[in-house]
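Chain by chain, the residues run as shown.
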Amino acid sequence: MKNYYRIGITNEGKLLQENHDTYYGVVIQGNFAALYKDWLAAYLRQLNKPFFIDPRTEVFGLDLNNIKKENDFRVSFQRLIDHFDRSSNSKYFSAKLRQGKLSPTDFILSKKPKKWNIKLINVLINGTLSLQNNILNLDTSSNKRSIKKYLKILQELENEDKEMSGVEHIVAPYFYFPNTFSPWFEINVKLLNTMANKAKDSDVYCLLCFDNEVLGNNEEIQKIIKNYKQAKGFLLWINNFYEIKMDINNLKNYKNFIKELKKAGKPIINLYGGFYTLLLSKYLKIDGYCRGIGIGEGRDVENPATGGGTPNRYYLQLVHNFMVEEVAVKVLGRNPELRCKCNICSPLFTEIIKKIKPPNDQSLALEFINRLAPQKFKAHFMHSHNSEIKKVSEDEYDPKIELNKEIQSTSTKQLRELDVRMTHLDRWVKSL
Ligand SMILES: [Zn+2]
């Protein structure tokens, strides 16, 4: 099971480097790739992990205010728009967006006979393709001062003989479709096929970004398989699908969807998955899943992009979920056996016990959470989650037995009284 982290803010770059052995690869947002082009070229070579790019073209077919701050596009999305203009040698894309978001009639000029807007399709195809193909290349014609610095890093790396072949697979531009009857579905298929024909030497994956009503409908699943013949693999973004919040029925539909889609015999990677997807992989062959570091287990397509940070949340392996600091102090204070033994937490516990000698478990827990730096909350999650992945991959690991043990344990420890969220465990075990 390949676990990828979504890289969306630069200060996570260091985290991914320092905890290099806790994950398989990274996924880069298209707008981020456009904004930090030079930095990424050097960084990805240094990181030396498999990666691919999520083009993030869906934002242009949704409420544009999602990617605006007051009246202007957020800088990363502006750079993505500039990239589309530059790669098509025209201002066509930015001019189009000045009239508002893209709609199906921008793509399908007439229904009978069918007439596609080839120009718009080509702008999207060429733009997303060059973004992905050139991600490791520096634009040396640019006279930005930073280029020199990155060029030096790249030369040093080349001396170390680090070969990198580029993106793991190419992802076709995509738009959100509520269901397969929406005109957006047909547009997505057209974009995938055009991309697959253009990039014949690459593995072109489609990104299916849809509502969870599709999950329970076999007719729709068959339509996806039939129409996406040219896709070499499937990336999933089920709108607003949070494994932790979903009811049993939704989870069962998700399971069935994967089971049916798997019949196409192609790799499947869930772009917004978590521990439940990991458990499902014990029964169905799911190839990978992606998530943010400590956040982003799900996503609403209409969620406005923000540049803000996230509050500190401490991951508790027992419930496969996060706790706010206050709850974490209570839980760890009452249950010293739950103290994490990972490379991040264990040395800190030892240090506090030696130097401060807290009078009781509660003070120790408080000191621990207070001293844990924001980046360490995330690093702990990476280590803790990595050990979960290893545990689940063992042959003798039985998801239902383990979940039932955990449910039992949370009740013995009376964690519910401490406001620990755990009802998902019960839904998970019933839906597997
Ligand atoms: Zn830890």
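In this text the structure is predicted, and so the values were computed from the model without any measurement. Counting restarts for each chain: residues are numbered from 1 in the order of the written sequence. Confidence filtering applies because this is a predicted model: local features only for residues at pLDDT of at least 70, side-chain atom pairs given and counted only at 80 or more, and all residues used for totals across whole chains, interfaces and linings.

Turning to the nonpolar core, a few remarks are in order. Think of a nonpolar core as buried Ala, Val, Leu, Ile, Met, Phe, Trp, Tyr and Cys residues, each tied to the set through C-beta atoms within 7 Å. Counting other C-beta atoms within 10 Å of its own, a residue is labelled buried from 20 upward, exposed at 12 or fewer, and partly exposed in the gap between, with every C-beta atom placed from the backbone. The biggest cluster of nonpolar side chains holds 119 residues, and the ones touching the most others in it are Leu-192, Cys-206, Leu-208 and Leu-235. Numbered from the N terminus, helices here are DSSP runs of H or I no shorter than four residues, and strands are runs of E no shorter than two. Take this core: its biggest share by element is eight residues, from helix α9 (residues 183-198). In this document the domain limits rely on a domain assignment from an automatic tool or a database. Split by domain, this core shows at least three residues from each of two domains, domain 1 (2-291) and domain 2 (313-431). When sequence neighbours within four positions are dropped, the list of residues in contact with Cys-206 reads Ala-172, Tyr-174, Leu-192, Tyr-228, Ala-231, Phe-234 and Leu-235. In this description, a residue-residue contact is defined by the distance between C-beta atoms placed from the backbone, which must lie within 7 Å.

Attention now goes to the sheet that holds strand β8 (residues 170-171). Pairs of strands are assigned from DSSP output, requiring at least two bridges between the strands. Sheet architecture is open: eight strands sit in the order β3-β2-β1-β12-β11-β10-β9-β8, paired in parallel fashion. The outermost strands of the open sheet, each flanked by one partner alone, are β3 (51-54) and β8. Bridging between strand β2 (residues 25-29) and β3 involves four bridges; their strand directions are parallel. For Val-26, the partnering residue across the bridge sits in β3 and is Phe-51.

Let us now look at the domain arrangement of the protein chain. Annotation of the protein chain at the domain level lists domain 1 (2-291) and domain 2 (313-431). For domain 1 versus domain 2, the distance between C-alpha centres works out to 33 Å. On the domain 2 side, the residues contacting the 16 residues of domain 1 number 17 residues. At the level of elements, α11 (248-261) and α12 (275-280) are the ones that each hand at least two residues to the side of domain 1 that touches domain 2. Note on residue classes: Ala, Val, Leu, Ile, Met, Phe, Trp, Tyr, Cys and Pro are nonpolar, Asp, Glu, Lys and Arg are charged, and everything else, Gly too, is polar. In terms of residue class, the side of domain 1 that touches domain 2 is made up of nine nonpolar, three polar and four charged.

Before going further, it helps to spend a moment on helix α7 (residues 118-133). Expected helix span is computed as 1.5 Å times (number of residues minus one). Here α7 is 16 residues long and its end C-alpha atoms lie 22 Å apart, about the 22 Å a rise of 1.5 Å per residue gives. Of the positions making up α7, those classed as buried are Val-123, Leu-124, Ile-125, Gly-127, Thr-128, Leu-129, Leu-131 and Gln-132. Buried positions along α7 lie against α2 (30-35), β3, α4 (75-87), α5 (92-98), β8 and α9.

Here we come to the pairing of strand β9 (residues 204-210). Most of β9 is tucked away, with seven of its seven residues classed as buried. As judged from the two bridges shared by β8 and β9, these two strands associate in the parallel manner. Paired with Ile-170 across the bridge in β9 is Val-204. For the handedness criterion, the strands are oriented away from the viewer, and a crossover whose path from the first strand over the helix to the second runs clockwise is classed as right-handed. With α9 bridging β8 and its parallel neighbour β9, the resulting β-α-β unit is right-handed. Bridge count for β9 against strand β10 (residues 233-238) is six bridges, and the pairing is parallel. Residue pairing across strands places Phe-210 opposite Ile-238, the latter belonging to β10.

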